[in-house]
Amino acid sequence: MKIASAEVLITSPTRNFVTLKLTTDGGITGLGDATVNGRELAAASYLRDHVAPLLLGLDPHRIEDTWQYLYRGAYWRRGPITMAAIAAVDMALWDIKGKIAGLPVYQLIGGASRNGLLAYGHASGTSQSGLSESIHEHLEKGYRAIRVQSAIPGIHALYGVADQPQASGERYDYEPAGRGARPVEEDWDTAAYIRHVPQVFEAVRQEFGAELPLLHDSHHRLTPIEAAKLARRLEPYDLFWLEDCTPAENQQGLRIVRQHTTTPLAIGEVFNTVWDFQQLITEQLIDYVRAAATHFGGITALRKVMDLAAQYQIRSGFHGPTDISPVGFAAQLHVGLAIHNFGIQEYMEHSSATNEVFRQSMTFKDGYLHPGETPGLGVEFDESAAAQFPYQPAYLPVSRLHDGTMHDW
Ligand code: KDG
Ligand code: MG
């Protein structure tokens, strides 16, 4: 059996997605996700110009060997573009293997370790009452764990708060297609943020009680000592996790956070290989691995990092925003179902346009996700639906302090 064709499909059903479609000489297809939000065409070119020609003629069953061939063979290792391209190939090969075996991918990697994957949804509000309404809406939809993000007095436009007015006059809705060809600018004030967030959690705990798992994303904006201060102030509200409390390039910074707080920490949505996690895992500086199959080299790589994490009682919390396509999302659902050290799965529901293009066997019921029983990954790509949504340049926002200094977004 051989790989006979490798096509790169770009579509923008409310946001851009880069999908790899491999076809074997017997006509079996496999899909992979190589979407790098805001830099999509770089990943598409890497795949189309440098990877696709190498795949033709290879045996699709040799997943590990193909992974190593692309990783070691590039010489220029790691980085989001390289690892997203490798991820797409890896997912597509697992998809093909599952279809040949007549089994969903999770059955090929050990079988189910649980009945479903606890998911958390994104609640947010431009006011405390708006936030409360958003939490109620999520609970009504069945969510049993909630990420809480709120507008902050003194900050005009902020990551993670849906429906807030932007400087451009548009509403921030997470789906960037149509936002225009330059990043929107948000603003940031660390002191205002650290003052306000504990009050938000105080009100949420009072209204929703002690049991509901609550999460929060600081989105890389604090120094280690600021992160420590916030995490400590949040301890009375018993967070499930505090995410990306500080940019993690300087991993020793997490030691400072850890020394001061028992709030659980989640990090790694922008990481690309197991090496990015090595210090954080082996020194037990985090509690949850936030990697996504898409930016981390696919199913093969995700399983390896979770095996390392398991030895340190660190669990998964894979990155699941809408810029992970349904293919990438399915890939990590299969991994999450199979591994023992699953923690929680982020779930931002895709738009109806996205779901029209990517038809999925995945289900969400009573707060739990399941990848379904369709052989392979369980996602089909509707090319005629995709053709209605051509690529649109779209950037992630940027963030500045009030004096104009660039800050982390
Ligand atoms: O493309 C960037 C988004 O994926 C990211 O901002 C979402 O932080 C995020 C999250 O936790 O889902
Ligand atoms: Mg995040």
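Higher on the page you've got the structure.
The following refers to the structure shown. (Residues numbered from 1 in each chain as written. Chains lettered and ligands numbered in written order. Predicted model: local features only at pLDDT ≥ 70, side-chain atom pairs only at ≥ 80, totals over all residues. Heavy atoms only, no water.)

### Description of the sheet that holds strand E2 (residues 17–24)
Moving on, step 1. Strand order in the open sheet made by the three strands is E1-E2-E3, with antiparallel pairing throughout. Lying at the two open borders of the sheet, with one neighbouring strand each, are strand E1 (3–11) and strand E3 (29–33). The sheet shows a mean angle of 20 degrees between the axes of neighbouring strands, direction not considered.
Moving on, step 2. Here E1 pairs with E2 via eight bridges, running antiparallel. What sits directly across from Leu9, in E2, is Thr19.
Moving on, step 3. The sheet contacts of helix H3 (residues 80–101) involve E1, E2 and E3, and relative to E3 the element is tilted by about 150 degrees. (Pairing = 2+ DSSP bridges. Helix = DSSP H or I, 4+ residues; strand = E, 2+ residues; numbered from the N terminus. Axes fitted to C-alpha atoms, helices over the stretch in contact; angles between N-to-C directions. Contact = heavy atoms within 4.5 Å.)

### Concerning the coordination of the magnesium ion (ligand 2)
A four-donor tetrahedral metal ideally has 109.5 degree angles, and a six-donor octahedral metal ideally has angles of 90 or 180 degrees.
Moving on, step 1. Taken together, Asp217 (OD), Glu243 (OE) and Glu269 (OE) make up the full set of protein donors to the magnesium ion (ligand 2), lying 2.0 to 2.2 Å away.
Moving on, step 2. Sequence spacing among the residues donating to the magnesium ion (ligand 2) works out to D-x25-E-x25-E. Here Asp217, found in strand E7 (residues 214–217), pairs with Glu243, found in strand E8 (residues 241–243); they are 26 residues apart in sequence, far enough to count as distant.
Moving on, step 3. The buried category is assigned to Asp217, whose relative accessible area is 2%. (Donors = N, O, S within 2.8 Å, 3.2 Å for Na, K, Ca; no water. Buried < 20%, exposed > 50% of the residue type's maximum accessible area, 1.4 Å probe, protein only.)

### Looking at the sheet that holds strand E6 (residues 185–188)
Strand pairs in the sheet, formed through backbone hydrogen bonds, run parallel or antiparallel to each other.
Moving on, step 1. In spatial order, the strands read E6-E17-E18; together these three strands make up an open sheet with mixed pairing. What marks the edges here is a single partner per strand, and that holds for E6 and strand E18 (406–407).
Moving on, step 2. Looking at chain direction, E6 and strand E17 (residues 398–401) are connected through four bridges and run parallel. Residue pairing in the sheet places Asp187 in a bridge with Arg400 of E17.

### Remarks on helix H7 (residues 224–233)
Moving on, step 1. Restricting attention to buried positions, one finds in H7 the residues Pro224, Ala227, Ala228, Leu230 and Ala231. With its buried residues spanning 170 degrees around the axis, H7 presents them on a single face.
Moving on, step 2. For H7, the secondary structure elements touched by its buried residues are helix H6 (190–208), E8 and helix H8 (253–260). (Arc of directions from axis to C-beta.)

### Section: the nonpolar core
Moving on, step 1. If you look at the biggest cluster of nonpolar residues, it comprises 126 residues, and the most contacted ones within it are Leu22, Leu47, Ile135, Val148, Tyr193, Phe277 and Val289.
Moving on, step 2. By residue number, the principal contributor to this core is H3, which donates twelve residues.
Moving on, step 3. Split by domain, this core shows at least three residues from each of two domains, domain 1 (3–103) and domain 2 (117–373).
Moving on, step 4. When residues no more than four places from it in sequence are discounted, the contact partners of Ile135 are Ala123, Ile146, Val148, Val204, Phe208 and Leu212. (Core = buried A, V, L, I, M, F, W, Y, C linked by side-chain atoms within 4.5 Å. Domains from an automatic or database assignment.)

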